[in-house]
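Listed below are the residues making up each chain.
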Amino acid sequence: SCPVLGSQSITCRDASMAMAMVTAKVEPECSMMAFTTGLVPLNGVSPDKKLEENLRAISGIPFGGTDCAAPMEWAR
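Let me begin by describing the structure that accompanies this report. (Residues numbered from 1 in each chain as written. Predicted model: local features only at pLDDT ≥ 70, side-chain atom pairs only at ≥ 80, totals over all residues. Heavy atoms only, no water.)

### As for the overall build of the protein chain
When its secondary structure is counted, the protein chain shows 3 helices and 2 strands. Across its three principal directions, the C-alpha atoms of the protein chain cover 35 × 30 × 25 Å. When each of the 76 residues of the protein chain is scored for burial, the buried share is 21%. A separation threshold of at least 6 residues defines the contact pool for the protein chain, and within that pool the share at least 24 residues apart is 50%. When the accessible surface of the protein chain is split by element, carbon and sulfur atoms take 57% of a total near 5,600 Å². (Helix = DSSP H or I, 4+ residues; strand = E, 2+ residues; numbered from the N terminus. Buried < 20%, exposed > 50% of the residue type's maximum accessible area, 1.4 Å probe, protein only. Contact = heavy atoms within 4.5 Å. Areas by Shrake-Rupley, 256 points an atom, 1.4 Å probe, with all protein chains shown as cover.)

### Focus: the packing of helix α1 (residues 12-26) against helix α2 (residues 51-58)
Two numbers describe how α1 lies on α2: the axes approach to 10 Å, and their chain directions differ by 115 degrees. When the interaxial angle is binned, α1 and α2 end up roughly perpendicular. As for the relative orientation of α1 and α2, their crossing is right-handed in sense. Where α1 abuts α2, its residues R13, D14, M17, A18 and M21 lie against L51, N54, L55 and I58. (Axes fitted to C-alpha atoms, helices over the stretch in contact; angles between N-to-C directions. Parallel < 35°, antiparallel > 145°, perpendicular 65-115°, else oblique. Left-handed = near helix turned anticlockwise from the far one by under 90°.)

### Overview of the pattern of salt bridges
Side chains that differ in sign of charge can pair as their charged atoms come close. Taken as a whole, this structure holds 2 salt bridges when the rule is applied. Here R13 makes a salt bridge to D14, at a shortest N to O gap of 3.6 Å. Judged by relative accessible area, which is 38%, R13 ranks as partly exposed. For K25, the salt bridge identified is with D48, shortest N-O distance 2.5 Å. (Salt bridge = Lys/Arg side-chain N within 4 Å of Asp/Glu carboxyl O.)

### Quick word on the nonpolar core
M17, M21, A24, M32, A34, L42, V45, L55, I58 and I61 form the largest nonpolar core, which has 10 residues in total. Going through the elements one at a time, α1 and α2 are the ones with two or more residues in this core. Counting residues per element, this core draws most heavily on α1, which supplies 3 residues. In this structure, L42 is in contact with M32, M33, A34, I58 and I61, ignoring residues within four places of it in sequence. (Core = buried A, V, L, I, M, F, W, Y, C linked by side-chain atoms within 4.5 Å.)

This is the structure in structure tokens:
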């Protein structure tokens, strides 16, 4: 719920979802994942849905600590 630097109305969550949707729309091989203490697949999220629908789909994900190695381990 923190605002994007320099913005008072756009949250980091909203901005990251919008960026993920754009990437998923143009990249043929793309997996959207939540980055928390591990990686969580965002199976209910689609670039063809509205931003608000995708934000509702991720609202129950328990975010907490961050394991910075998780994306690299998953990619490997």
